[in-house]
There are 2 protein chains.
Amino acid sequence: MAHQAAAGADSGDPTVRPQDREFLRDFHHTSRYGATPAGGIDRQAGTAEHGQVRRWFEERAGQLGLSVVTDAIGTIYALREWVPGAPFVLVGSHLDSQPRGGRFDGTYGVVAALHAVAAADAAVSAGLLDPRYNVAAVDWFNEEGARFAPSIMGSSVHAGILDLEVALQTTDPQGVTVAQALESTGRRGVDPAPKAAAYAEIHIEQGRRLERSGVPIGIVDRSWHTQKLLVSVIGEQSHTGATLMADRRDALIAASHVVVAVEEVVEEFEPETIVTSVGKFDVQPNSPIVVPRQVDLVVDLRADRASDVDQARGLLLERLQGIARRRDVEIEAQDFDVRPVQRFPADGVELAEKASRDQGVDSTVLATLAGHDSVPMNRIVPSVMLFVPSADGVSHCEREFTSDEDMVTGLRVLTGVVTRLVAGELADTASGGSDESGGAADDREDGRG
Amino acid sequence: MAHQAAAGADSGDPTVRPQDREFLRDFHHTSRYGATPAGGIDRQAGTAEHGQVRRWFEERAGQLGLSVVTDAIGTIYALREWVPGAPFVLVGSHLDSQPRGGRFDGTYGVVAALHAVAAADAAVSAGLLDPRYNVAAVDWFNEEGARFAPSIMGSSVHAGILDLEVALQTTDPQGVTVAQALESTGRRGVDPAPKAAAYAEIHIEQGRRLERSGVPIGIVDRSWHTQKLLVSVIGEQSHTGATLMADRRDALIAASHVVVAVEEVVEEFEPETIVTSVGKFDVQPNSPIVVPRQVDLVVDLRADRASDVDQARGLLLERLQGIARRRDVEIEAQDFDVRPVQRFPADGVELAEKASRDQGVDSTVLATLAGHDSVPMNRIVPSVMLFVPSADGVSHCEREFTSDEDMVTGLRVLTGVVTRLVAGELADTASGGSDESGGAADDREDGRG
Ligand SMILES: [Zn+2]
Ligand SMILES: [Zn+2]
């Protein structure tokens, strides 16, 4: 799969430096932890496979001369302290994955962080960089939230928008708590988290805007406005084998029309201005010979503009009323997890543009549709978020792919961002913020994926 | 709810006899076991609530002078043996229910059986009936199959078409076996089942054909042809928060179109000739932020004529191909649980018509869309199956309803059927059979609900 850049490396292409080859070796090595037969990984937070890749991360950090600490929510920091007592530029992402997830999502950012930190360290040693801050590569605990909800857990605890005790007591579907999972994998840390001065993260785009435009680096200036709706469709339970069609009030048929309506509402908008989904869908009583009584489903609405999400929500609620009437069922819809647009600091975007130009690389500014650890971190320190292209725009699946060449380009730009941050370029920049003044509840929800 | 007939009873209406009042008192008493707030019952097989109503059944049988035995699959027989060594006319139904089920389905037939047996006993004592056979009221174990699949378990074991050991080792979703559930409710019997000579059952119709025609008694001459299809819709997992609509292969949207197609295929037939359903529907990975990878669902097709089911199946498979093509997903469909039309003996239908006329009551011959304990019993002894009207045709739900008047009419006709069977009227009649010669596998599947 990595044919193009690997060939470049083997043929001694002058643009591939030894440190790039080392990075690629490390990155591809991580894919063996929790590897799935179809070429993905399954490393849900707090599982044995997740513990294995994290052990590798610690060992590799040690080889690179970094010292490792783990905080109380199980986030691992690989530190390089040049300026005793100064705060840290944190550079990170996550090593956990969705079930049958892709091997690039999160892991690319952590391995790139390790190598960007090592490069900054080499620059300091060589007298090429005068550090104002220290630096650390970070593996945030439980970004995906596949096993333990909410997602983006470690960074939300770090940013103080998720309570540590609440996070530790969160349970998976089998009733295992985060605290128990951390203990069983030896990751229930006792170290204080290093104090942050700034944050940087690189991640696969998980969309196809970069791929289509042929631009290798995306610089994130904002996250999309998102919200969810919990929809309950309530019909009447009856016997599949005895109830005539006219006598039924089938919740599943009505809920199927809801799923179709959620997709069709997108047609009212310009292409790619909005995405809508139903990912969770539970049928009761879910027996082959009983006409379903109730379906509970979660609708996810995302757009760059809050007004588009609001309009889609309004159109959808109208259509749900029509379905309820036609199908003689009740449909209830409840808003939750409303997250306004978040802005990354403009100075950070400019800094990343400079770092791209330094490498002779084109960049483009775009929004992130998805949540990332950078979103809560951006609430407390100026944060810079970079994207590299995703093949076919797919992610959270085994076929996720980014080329070696694109990963190396991203690493170089990230390294430039990190050295600039270490030198103190954003020292006078405020952290980012939301388009709407949100209370504590909004803050909390920013941490969700 | 029971206003009409209760008023009749209170005002001393001459058509309501003391034994009818006793029956109604018993029937309404049973509704307290596993009662739900909305007026239904929840007495899944082998639960504490199910155990409570069965204890009542045994006590009441004892008061009526019957002796109680329990067989190895937990079916309870309340016996009256007038003719030592002669086989038994079994009269029964089931006291278990669906989750949040109705209080009439099954329970009406068991309580009516107790009182029909008591009436036959009184007739023998009074010298009005010369018994050729003995008689027993039967509460079959696990007719509904809501907790332990397959359904119609006790009578299928009795009829020899379901292996006792297989049935005992069946587990519920928590891994509890039938054997354990029977032990924990004290129902793991050691008695041999009484040898059957004939079988009679009365049940609510669970449809609205009787209600619409105003005829109080239905006599079942056949069961519908039925089959199921296991349908798997396979798309591609991706991130709801990052994957553009055009880049998705959403298994849930495709599966929703399948559910709609399953309903719409009915429009190709005359009204009420066919019923189609999807009751079971499982989404993977079922996370609010992941576009679903796969949906597995069970389609249920039923019609009076096998040719109609086959035609519906063919039309549906064509439509599934279209959905797979349009939505860029794979759809696999697998036939299972195919049950050809079963015929009840014509002599038994004639006997039931006579029993209705004896009571001055109209009757009509119809098919049963649903499975009942009478279906496997009809494979080994001549069986008679009666229906009483269901309000609005609904069942397997809390709003299920049959009036006291209709229940009393049914009890009287059932009593006539039982006395005629006890006298030996079907002694020379063969048991029923299937429209198609089925092998062992077909036999097995006849026992399913
Ligand atoms: Zn990620
Ligand atoms: Zn029943």
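Residues numbered from 1 in each chain as written. Chains lettered and ligands numbered in written order. Predicted model: local features only at pLDDT ≥ 70, side-chain atom pairs only at ≥ 80, totals over all residues. Heavy atoms only, no water.

Per an unreviewed UniProt entry, chain A carries the name N-carbamoyl-L-amino-acid hydrolase and comes from Nesterenkonia xinjiangensis.

**Quick notes on the environment of Arg55(B)**
Put simply, the rule reads: Numbered from the N terminus, helices here are DSSP runs of H or I no shorter than four residues, and strands are runs of E no shorter than two.
With respect to the secondary-structure elements, Arg55(B) resides in helix α3 (residues 48–63). It is 9.8 Å that separates the C-alpha atoms of Arg55(B) and Thr185(B), two residues lying 130 residues apart in sequence.

**Quick look at the pattern of salt bridges**
Note the cut-off: Whenever a carboxyl oxygen of Asp or Glu lies within 4 Å of a side-chain nitrogen of Lys or Arg, that contact is scored as a salt bridge. Exposed residues in this analysis have more than 50% of their type's maximum accessible area, buried residues have under 20%, and partly exposed residues fall in between, with area computed by a 1.4 Å probe over protein chains only.
Enumeration according to the criterion identifies 56 salt bridges over all chains in this entry. Residues Arg319(A) and Glu268(A) are paired through a salt bridge, measuring 3.3 Å at the closest nitrogen-oxygen approach. With Arg319(A) in helix α10 (residues 306–327) and Glu268(A) in the loop between α9 (251–264) and β9 (274–284), this residue pair connects regions lying 51 residues apart in the sequence. For Arg319(A), a relative accessible area of 27% gives the class partly exposed. Here Arg305(B) and Asp308(B) are joined by a salt bridge, their closest N and O atoms 3.0 Å apart.

**Quick word on the UniProt feature "binding site: Zn(2+) 2" (unreviewed entry) in chain A**
How we decide: UniProt positions are given in the numbering used here, feature names are shortened, and annotations may be inferred rather than shown by experiment. Working rule for contacts: check all heavy atoms of both residues, and any pair within 4.5 Å makes them a contact.
Here, UniProt's "binding site: Zn(2+) 2" (unreviewed entry) annotation points to Asp105(A), Glu144(A) and His396(A). Of the residues just listed, which span 292 residues, no C-alpha pair is farther apart than 9.6 Å, and they cluster in one region. In this fold, Asp105(A) is placed in the loop between β3 (88–93) and α4 (107–125). We classify Asp105(A) as buried; its relative accessible area is 4%. Not counting chain neighbours up to four residues away, the residues in contact with Asp105(A) comprise His94(A), Asp96(A), Glu144(A), His203(A), Ile204(A), Gln206(A), His396(A) and Glu400(A). Relative to the helices and strands, His396(A) is located in the loop between β15 (383–388) and α13 (404–422). Among the residues examined, His396(A) registers a relative accessible area of 2% and is labelled buried. If we ignore the near neighbours within four places in the chain, the residues touching His396(A) are Gln98(A), Arg100(A), Gly101(A), Asp105(A), Glu144(A), Gln206(A), Gln237(B), Ser238(B), His239(B), Ile289(B) and Val290(B).

**Quick word on the coordination of the zinc ion (ligand 2)**
Residues and elements named next belong to chain B. Convention followed: Counted as coordinating are nitrogen, oxygen and sulfur atoms within 2.8 Å of the metal, or 3.2 Å for Na, K and Ca, while water is not included, which may make sites look incomplete.
Taken together, the protein ligands of the zinc ion (ligand 2) are His94 (NE2), Asp105 (OD) and His203 (NE2), with distances of 1.9 to 2.2 Å. Every donor residue of the zinc ion (ligand 2) comes from the same chain, spaced as H-x10-D-x97-H. Placement of the pair is aspartate 105 in the loop between β3 (88–93) and α4 (107–125) and histidine 203 in strand β5 (residues 196–204), with a sequence separation of 98 residues. The class for histidine 203 is buried, based on a relative accessible area of 1%.

**Thoughts on the side chain of Asp26(B)**
All names here are of chain B. Mapped onto the elements, aspartate 26 comes out in helix α2 (residues 18–30). Classification of aspartate 26 as buried rests on a relative accessible area of 9%. Beyond its immediate stretch of four places on either side in the chain, aspartate 26 contacts Trp56, Arg60, Val111 and His115.

**A short note on the environment of Asn134(A)**
Residue and element names in this part refer to chain A. Looking at the element boundaries, asparagine 134 is found in strand β4 (residues 134–139). Its relative accessible area of 0% is what places asparagine 134 among the buried residues. Each C-alpha atom of the pair asparagine 134 and glycine 85 lies 8.7 Å from the other, and the pair is 49 residues apart in sequence.

**Some thoughts on the sheet that holds strand β11 (residues 294–303) of chain B**
All names here are of chain B. The criterion, for reference: When DSSP finds two or more bridges between a pair of strands, those strands are recorded as paired. Angles here are taken between N-to-C directions and fall from 0 to 180 degrees, while the axes themselves are lines fitted to C-alpha atoms, restricted in helices to the stretch in contact.
Overall, antiparallel pairing links the four strands, which are arranged β9-β11-β7-β12 in an open sheet. The open sheet terminates on both sides in strands that have one partner only, identified here as β9 (274–284) and β12 (330–339). Pairwise comparison of adjacent strand axes, ignoring direction, gives a mean angle of 15° for this sheet. Where helix α9 (residues 251–264) meets the sheet, it contacts β7 (225–234), β9, β11 and β12, and its direction lies at approximately 170° from that of β9.

**Notes on the coordination of the zinc ion (ligand 1)**
Residue and element names in this part refer to chain A. Protein ligation of the zinc ion (ligand 1) involves His94 (NE2), Asp105 (OD) and His203 (NE2), the donor distances falling in the range 2.0 to 2.2 Å. Written as a sequence motif, the donor residues of the zinc ion (ligand 1) are H-x10-D-x97-H. Here aspartate 105 lies in the loop between β3 and α4 and histidine 94 lies in the loop between β3 and α4, a separation of 11 residues in the sequence. As far as burial versus exposure is concerned, histidine 94 and aspartate 105 are alike and both buried.

**Overview of helix α2 (residues 18–30) of chain A**
All names here are of chain A. To keep things clear, this is the line we draw: In a helix, the anticipated span is given by 1.5 Å times the number of residues less one. Directions from the helix axis toward the C-beta atoms define the arc.
Taking 1.5 Å as the rise per residue, α2 with 13 residues should run 18 Å; its terminal C-alpha atoms sit 19 Å apart, in good agreement. Here α2 has its buried residues at Asp20, Phe23, Leu24, Asp26, Phe27 and Thr30. Looking down the long axis of α2, one finds its buried residues gathered within 165° of arc, a one-sided arrangement. Those residues of α2 that are exposed and aimed more than 90 degrees away from the buried face are Pro18 and Arg25. Looking at the buried side of α2, the elements it contacts are α3 (48–63), α4 and α13.

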